[in-house]
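Overview (structure and organization)
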Amino acid sequence: MKKKNLFSKLFLLSFIFLVPLFGKAQSCDPIDALKLKDMLIQMGYTVKDIGTEVGKEKYQVDIKTSSFNVPLGYEISPSKNYIWLTANLGKPKDSTSTVNADMLKQNGKIQPCQFYITSKGILMMGLAVENRGLTPAIMRRHTDKITADVSSTSALWK
């Protein structure tokens, strides 16, 4: 019985000391604008600077789908808690309440993406991504999501 207990303790101690050697915890720190740009470049995208003011940096990546070339904007929110992916869809084709209601109904289907109109009257689709623990794979998944939603909703905004 003592041998079994001693073996269990040795195994537990060995496990505790060896686990850190096999893996590293993923960083949950938020990324800054430069790290965001570097991530996009490492993902194979050609990145354009479209906002260069310090603290308000914004980047554009052109994503090709089967139907569209979607210019996506990437920027870190002022709070640094989110990274916004945005697609400029132009001026709304119609300002009737039925078209707006259809887009609002579509928001429920495409969430967490959403349609919104800027203060300058530009129709946008946006997706807020939590700025922590981001990896290229997670960013690719969000990029694919918003570009697919832009394509699938084109009948509403085109």
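Not measured: the values here are computed from a predicted model. (Residues numbered from 1 in each chain as written. Predicted model: local features only at pLDDT ≥ 70, side-chain atom pairs only at ≥ 80, totals over all residues. Heavy atoms only, no water.)

Observations regarding the overall build of the chain
- The helix and strand inventory of the chain stands at five helices and six strands.
- For the chain, the sequential pattern of α-helices and β-strands runs α-α-β-β-β-β-α-β-β-α-α.
- Of all 158 residues assigned to the chain, the portion counted as buried reaches 34%.
- Taking as baseline every contact in the chain between residues at least 6 positions apart, the subset at least 24 positions apart corresponds to 57%.
- Roughly 10,500 Å² of accessible area belongs to the chain as shown, and the carbon and sulfur atoms make up 59% of that amount. (Helix = DSSP H or I, 4+ residues; strand = E, 2+ residues; numbered from the N terminus. Buried < 20%, exposed > 50% of the residue type's maximum accessible area, 1.4 Å probe, protein only. Contact = heavy atoms within 4.5 Å. Areas by Shrake-Rupley, 256 points an atom, 1.4 Å probe, with all protein chains shown as cover.)

Things to note about the sheet that holds strand 3 (residues 69-76)
- Reading across the sheet, the six strands line up as 1-2-3-4-6-5 and stay open at both edges, with antiparallel pairing between neighbours. Edge positions in the open sheet fall to strand 1 (47-51) and strand 5 (114-117), since each of these has one partner strand only. Neighbouring strand axes in the sheet, compared pairwise and without regard to direction, differ in orientation by 35° on average.
- In the sheet, strand 1 pairs with strand 2 (residues 58-64) via four bridges, with the strands oriented antiparallel. Within strand 2, the residue paired with D49 across the bridge is Y59.
- Against the sheet, helix 2 (residues 33-42) makes contact with strand 1, strand 2, strand 3 and strand 4 (82-90), and its axis sits at roughly 20° relative to strand 2, the strand it touches most.
- Sitting on the sheet, helix 4 (residues 136-152) is in contact with strand 2, strand 3, strand 4 and strand 6 (123-130), with an inclination near 25° to strand 4. (Pairing = 2+ DSSP bridges. Axes fitted to C-alpha atoms, helices over the stretch in contact; angles between N-to-C directions.)

A short note on the layout of surface pockets
- Within this model, the largest pocket holds a volume of roughly 260 Å³.
- For the largest pocket, the lining is made up of 14 residues, of which K58, T86, N88, T118 and M124 are closest to its centre.
- Among the residues making up the lining of the largest pocket, the classes are represented as seven nonpolar, five polar and two charged. (1 Å grid on protein atoms, 1.4 Å probe; cavity = no way out; pocket = protein on both sides within 12 Å on 5 of 7 lines; lining within 4 Å. Points joined across faces, edges and corners; volume = space filled by probe spheres on them. Nonpolar A, V, L, I, M, F, W, Y, C, P; charged D, E, K, R; others polar.)

A look at the pairing of strand 6
- Within strand 6, six of the eight residues are buried, which leaves the element mostly enclosed by the surrounding structure.
- Examined bridge by bridge, strand 4 and strand 6 share eight bridges and lie antiparallel to one another. Bridging from a neighbouring strand, L85 pairs with L127 of strand 6.
- Pairing of strand 5 with strand 6, which is carried by four bridges, proceeds in the antiparallel orientation. For I117, the partnering residue across the bridge sits in strand 6 and is L123.
- Counted between consecutive antiparallel strands, the loop separating strand 5 from strand 6 contains five residues, among which G121 sits at a positive phi close to 85°.

Overview of the nonpolar core
- Of all hydrophobic cores here, the largest spans 35 residues; its most connected members are L36, L40, Y74, F115 and M139.
- Put simply, the parts of the chain that give this core at least two residues each are helix 2, strand 2, strand 3, strand 4, helix 3 (97-110), strand 6, helix 4 and helix 5 (154-157).
- Apart from residues lying up to four places away in sequence, F115 is in contact with L89, M103, Q106, N107, I110, L123, M124, M125, T153, L156 and W157. (Core = buried A, V, L, I, M, F, W, Y, C linked by side-chain atoms within 4.5 Å.)

Examining the environment of V47
- Here V47 lies in strand 1.
- Counting along the chain gives 14 residues from V47 to V61, while the straight-line C-alpha distance between them is 5.3 Å.
- Contact partners of V47, with chain neighbours within four places excluded, come to K37, L40, I41, Y59, Q60 and V61.

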